[in-house]
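What the coordinates show
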Amino acid sequence: NLASRPLSVAQNSLPLRQPRRPHSMAPPDFYALLGVDRAATNEQVRNAYRDCAMQHHPDRGGDPAVWSALQRAYDTLSDPQKRAVYDRTKQDGSVGAEKAFGQAFAEKGEGAAQQRGLSIEAEMAEAKGKGSTLAAAGFDMSHAQGFEAWMRNQKGMGKQSFYTAEDLLRSRQYGNIEATESTAQPLPALSATAVRFDAHGPPEEVLYVDRACSLPDKLAHGEVLVHMLAACVTDEDLLRVQTPLTVLNDFPPFNRTNNKWEAVPLPATAGVEGVGVVIATAKNVPTLKDHPLEVKDWVLLRPEARRRPAGCWSTMAVVDSSMLIKVPAQLMPVRHLACSRSLCTAYRLLEDYGSLRPGDTIIQNAADLPVGQAVIQLCKMLKIRSINLVPDDEGFERTKELLVQLGATHVLRDNSKLAEFLEALGSEMPRLALDSLGGDAGRRLAIALRPGGALVVHSMQSGQVPQLSPSLIMYQQVSLYGFNLSQWVSEHGAEAYLQMLRTLAELVQAERLNVFTRTLPVERLDADALAAALSSHRAVQDAKSFRERTVFLLGSEAAANDVYFEVSAAIRRLESSADNGFDPASPPYRTPGGSSVHQGKSPAAGAVRPSERWADAGAMLKELELEQYVSNFEEEEMTSMALLEDIVNRSDGEKELMEALKEMGIKKMGHRQAIVGAVVGKL
C-alpha cells in the first residue's frame, strides 16, 4: 500500500567483496562489482574493469550474468554523468529520469524525517547511567559540545570570524581595502543595452531602457565580464528596485546580526536572476581557490539573500565571480536556466516540508506561474495529488486545460468566496499548502489544511503575511513557515544548489519538466515592452491570453562568441602597447544583441581576426612559409582557425598552444613562436 509507507527507504547493505550474480530483487553495487571504492578515478575504474575482464569474460569461462553486470557497472562508472546519477540514486541510467528522481527525492525526505533534536528521556537515562542526580544533570557541557553549540547558533547570523584576505578584498564593508592593480584587467570602452533605475520606487515608474549603458574600464580583483543570455522577471527583481532593503539593517532582529543587506549604488542596473557566458576575467579569477572561472564558462547568478543585485538585465555585466555559479554549457534550454530558481524552489518546497508520501495531497495558489507549474509536474511524478488555485477571470478555463495537461489533479478558482471554495474542495484535506500571494489568499489555504498541516509562504505578491486565526494554530496545529531560496543556498552552499540543478536538468532533458513563459528579445525592448514585461505575471486574463512571467532574451551563445573575440582582441591591443591607437571619440562596434566594443584606431594587422584573415591553418602556414607543417595540422584535426583562436584566448592559452605544437612534431622553437604569434594576431 503506497499510502502507508514513505516514498522509499534507503537500503543499507554489506558491500560485495567479489563479482557475483546479481540478486533478482536488488541491483548490485557497481563499485563492489569492480572492486574499487567510491572515490576511484576513471583510470582506476578502467584498470579494474580490465582485470575483471581477464577473469570473468565468457570466452575465458566466466559466468555470462556476472559479465553482463560488470559491463553495466563499467558503462555507468566510466561516464561522469551516469556516475553522478548512480551515486545519487543507486540506479544506472536505464531506470529513467523520472524513477531516479522519485527514488532520490524519497531517500532525502526520509533521511530528513529521521533527524531528531534532544530527547528528554534519553538525557535522563544518560544521567542515571552515570550516577548523577537529575537535579545536577544537563548543566555541564564538554568542550566539543560547547563548540558544536556555538557553531550551530551562528547559522544565519552572518560571518563571525576567520576572515581570509580574499574575504576582506571582496567585502564592501571595508571600502579602504583594495587589491593592487596587478590583478585587474583593463577593458576597452564597452557599452550595453540595460534596464536601469536612478532611484528606488515603483518599478513601472522608475525603470527605463538605456541603449548605451557604459561599463567599467577594468575588471577589478575577482570580477568577470559576462555576456548575458537570458533573465527572468521575478518578484525579487521588482522588490529590489522598489525599496532599498538596507533600511532593515537598523531594526531588530536584523540589527543584531552581521548578515546585513548591501547598499545599491545608484544609478543601477536591475536584475538578480539570469544566465550568461563569461567573456573576460580579472587576472586572478582563473586561479582562485573558490569560484574560479574561465572565459567561455556558462554561469548562473547565485541566489543571494543580502548582497546587492548583480544587474543582469543587461546584454553585458561586470559581476563579482563569487556571485556566480558555473554550470555545464546548455545544462538546460536557456529559457529554463533563466527560470531555474523557480524550478529549485518547487523542488525544495516538496522535499523540505510536509513529510509527503504517495497519495498525499497538496494545495497551492498562483499555480499557473513557473513555481506552480513545476510543483504540478513534480507531484505527478511523485504520485502526489495537487489542488491548484488560479485567478477567477475569463481565462480560467484555458488555464485549467493547460494545468491539467501538466498533471494537475484539480484546478479551482481563487477568489474571496470562502464557502464556494470549501464546497469545491469537498472531502480533500491537503497536508501541505504553498502560498505565493500572502494575505487573504494564504489564509484560505490554511483553512483548507488537515490537522497538523503546514502552510509555507515562498513569495508574497500581496505584500502581506497570511493572518491565521488562533483556532487554526492551537487546535488544528497548523504550522506557518517561510521559505527563501537565497537563504537555503547560503546555508547549504553552491555545490548543493548545483547538484539540485543537475537533478532537475535530467527531468528537463527527459521532457518530464517544462515551464511556460513569454519571451522578449532585447531588440524589441522599449518603454512599452518593458512595462508589459513587468506586469505580465499579474495580468488579468481573457479567453486568449495567459498570465506568464517574462524572460528577457539578451543574447545567444553565438553572439557571446563574437563579442568574446572582439573584446579579447581589444584587450590584447591594450596590453601590447601604451600607444594602442584607441580614440575615445570614435564610434563603438555594436553587436546584434546590443553590446558595444569600442574599436577605435588600430593597425590594419591588428584590426582583423586571424580567422578572418586566413581560411584555415594551411593558408596561415603558407603565408608564414611553413607549409611543411600542413600535414601535422591535418593529422591532428587542428586546421580550424577558430579552434586555434579559442585555444590562445584561454588562460595560459599561448603556452598551451606552444606545447601542443611541440607534441605535433614542430621541434623548432622559432617556428612554434611564429605560429602562435600569427594566431594571437601579432603578425
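Residues numbered from 1 in each chain as written. Predicted model: local features only at pLDDT ≥ 70, side-chain atom pairs only at ≥ 80, totals over all residues. Heavy atoms only, no water.

Moving on, we come to the overall build of the chain. Secondary structure summary: the chain contains 28 helices and 20 strands in total. When the 683 residues of the chain are sorted by exposure, 47% land in the buried category. (Helix = DSSP H or I, 4+ residues; strand = E, 2+ residues; numbered from the N terminus. Buried < 20%, exposed > 50% of the residue type's maximum accessible area, 1.4 Å probe, protein only.)

A word on the packing of aromatic side chains. To describe a pair of aromatic rings, one takes the distance between the centres and the angle between the planes. For the structure shown, the criterion picks out seven aromatic pairs. On the basis of an interplanar angle of 10° and a centroid distance of 4.2 Å, the ring pair of Tyr49 and Tyr74 is categorised as stacked. On the criterion of sequence distance, the pair formed by Tyr49 in helix α2 (residues 42-56) and Tyr74 in helix α3 (residues 64-77) is long-range, its members being 25 residues apart. You can call Tyr49 buried: its relative accessible area is 17%. Taking the centre distance of 5.1 Å and the plane angle of 75° together, the rings of Trp313 and Phe552 count as edge-to-face. Note that Trp313 is positioned in the loop between β8 (298-301) and β9 (316-320) and Phe552 in strand β18 (residues 550-553), a separation of 239 residues in sequence. According to the relative accessible area criterion, Phe552 is buried, its value standing at 2%. (Phe/Tyr/Trp six-rings, centres within 6.5 Å; stacked < 30°, edge-to-face > 60°.)

As for its placement among the helices and strands, His221 is situated in the loop between β4 (218-219) and β5 (223-232). Judged by its relative accessible area of 16%, His221 falls in the buried class. At 3.2 Å, the side chain of His221 and the side chain of Asn284 are in polar contact. (Polar contact = N/O pair within 3.5 Å; in protein donor to acceptor, adjacent residues only side chain to side chain.)

Counting 52 residues, the largest nonpolar core has Leu207, Leu225, Trp313 and Phe552 as its most contacted members. Looking at this core, the elements with two or more residues in it are β2 (190-197), β5, α10 (235-242), β7 (274-281), β8, β9, α20 (527-535) and α21 (557-576). Counting 51 residues, the second largest nonpolar core, distinct from the first, contains Val277, Met332, Val508 and Val551. (Core = buried A, V, L, I, M, F, W, Y, C linked by side-chain atoms within 4.5 Å.)

Relative to the helices and strands, Ala48 resides in helix α2. Residue Ala48 is classed as buried on the basis of its relative accessible area, which comes to 9%. Counting along the chain gives 15 residues from Ala48 to Leu33, while the straight-line C-alpha distance between them is 9.5 Å. Setting aside anything within four residues of it in sequence, one finds Ala48 in contact with Leu34 and Val36. (Contact = heavy atoms within 4.5 Å.)

Right, let's get into the sheet that holds strand β15 (residues 454-457). Read from one edge to the other, the open sheet built from six strands follows the order β13-β12-β11-β14-β15-β16, with strand pairing classed as parallel. A strand with exactly one partner marks an edge of an open sheet, and here the two such strands are β13 (410-414) and β16 (479-482). On average, each strand axis in the sheet is tilted by 20° relative to the strand beside it, whichever way the strands run. The pairing of strand β14 (residues 432-435) with β15 spans four bridges and is classified as parallel. (Pairing = 2+ DSSP bridges. Axes fitted to C-alpha atoms, helices over the stretch in contact; angles between N-to-C directions.)

Moving on to the pairing of strand β12 (residues 385-391). Consecutive residues of a regular strand have side chains that alternate between opposite faces of the sheet. With five of seven residues buried, β12 lies mostly within the body of the structure. Crossover handedness for the path strand β11 (residues 361-364) to helix α13 (residues 370-381) to β12: right-handed. Bridge count between β12 and β13: five bridges; the pairing is parallel. Among the inter-strand pairings, Ile387 is bridged to a residue of β13, identified as His410. (Right-handed = clockwise from strand over helix to strand, strands pointing away.)

Turning to helix α16 (residues 439-448), a few remarks are in order. Burial analysis of α16 places seven of its ten residues in the buried class, the great majority of the element. For α16, the complete set of buried residues consists of Gly439, Ala441, Gly442, Arg444, Leu445, Ala446 and Ala448.

Moving on, we get to the pattern of salt bridges. All chains considered together, the criterion is met by 19 salt bridges. Arg240 is the partner of Glu236 in a salt bridge, and the nearest nitrogen-oxygen pair spans 3.8 Å. With Glu236 and Arg240 both in helix α10 and four residues apart, the pair spans about one turn of that helix. One salt bridge connects Arg444 with Asp414, and the closest N-O pair in it is separated by 3.0 Å. In this pair, Arg444 sits in helix α16 while Asp414 sits in strand β13, placing the two residues 30 residues apart along the sequence. On the accessibility criterion, Arg444 (10% relative accessible area) is buried. A relative accessible area of 15% means that Asp414 is categorised as buried. Linked through salt bridges whose partners overlap, the residues forming this network are Glu262, Arg307 and Asp320. (Salt bridge = Lys/Arg side-chain N within 4 Å of Asp/Glu carboxyl O.)

Mapped onto the elements, Ile473 comes out in helix α17 (residues 470-474). In sequence terms Ile473 and Ala446 are 27 residues apart; their C-alpha atoms lie 9.6 Å from each other. Other than its neighbours up to four places away in sequence, Ile473 contacts Leu468 and Val478.

For the rest of this paragraph, the subject is the pairing of β9. For β9, a buried count of four out of five residues is recorded, marking the element as mostly surrounded by other parts of the structure. With five bridges connecting them, β5 and β9 associate as antiparallel partners. Pairing of His227 across the sheet is with Met316, part of β9.

Right, let's get into a nonpolar patch on the surface. Together, Met460, Val465 and Leu480 give the surface a local cluster of nonpolar side chains, amounting to about 250 Å² of exposed area. Mapped onto the elements, Leu480 comes out in strand β16. (Patch = residues over 30% accessible without salt bridge, like charges linked within 9 Å, V, L, I, M, F, W, Y side chains within 5 Å. Areas by Shrake-Rupley, 256 points an atom, 1.4 Å probe, with all protein chains shown as cover.)

Counted under the stated rule, the structure contains four cavities of 30 Å³ or more. Surrounding the largest cavity, 14 residues form its lining, Val272, Arg302, Glu304, Pro309 and Arg341 being those nearest its centre. Here the lining of the largest cavity is composed, by residue class, of six nonpolar, one polar and seven charged. (1 Å grid on protein atoms, 1.4 Å probe; cavity = no way out; pocket = protein on both sides within 12 Å on 5 of 7 lines; lining within 4 Å. Points joined across faces, edges and corners; volume = space filled by probe spheres on them. Nonpolar A, V, L, I, M, F, W, Y, C, P; charged D, E, K, R; others polar.)

So, about helix α19 (residues 494-509). Helical periodicity: at 3.6 residues per turn, an α-helix aligns residues three or four positions apart in one direction. For α19, which comprises 16 residues, the first-to-last C-alpha distance of 22 Å matches the rise-based estimate of 22 Å (1.5 Å per residue) to within 8%. Among all positions in α19, only Tyr497, Leu498, Met500, Leu501, Thr503, Leu504, Ala505, Glu506, Leu507 and Val508 are buried. Of the residues one or two after α19, Glu511 is the one with positive phi, at around 60°. (Expected span 1.5 Å × (residues − 1).)

Pro253 follows Pro252 through a cis peptide bond whose omega is 5°. With respect to the element layout, Pro253 can be found in the loop between α10 and β6 (268-269). Cis rather than trans, the peptide bond between Leu266 and Pro267 has omega equal to -5°. Locating Pro267 in the fold gives a position in the loop between α10 and β6. In this structure, Glu511 takes a positive phi of about 60° despite not being glycine. Assignment of secondary structure puts Glu511 in the loop between α19 and β17 (518-521). The exposure class assigned to Glu511 is exposed, which follows from its relative accessible area of 72%.

As a further point, take the packing of helix α12 (residues 340-352) against α19. One way to put it is that α12 packs onto α19 with a least axis distance of 10 Å and a crossing angle of 95°. Taken together, the axes of α12 and α19 lie roughly perpendicular to each other. Taking contact as the criterion, the partners of Ser340, Arg341, Leu343, Cys344, Tyr347 and Arg348 in α12 are, on α19, Tyr497, Met500, Leu501, Thr503 and Leu504. Residues that form the contact of α12 with α19 fall into these classes: seven nonpolar, two polar and two charged. (Parallel < 35°, antiparallel > 145°, perpendicular 65-115°, else oblique.)

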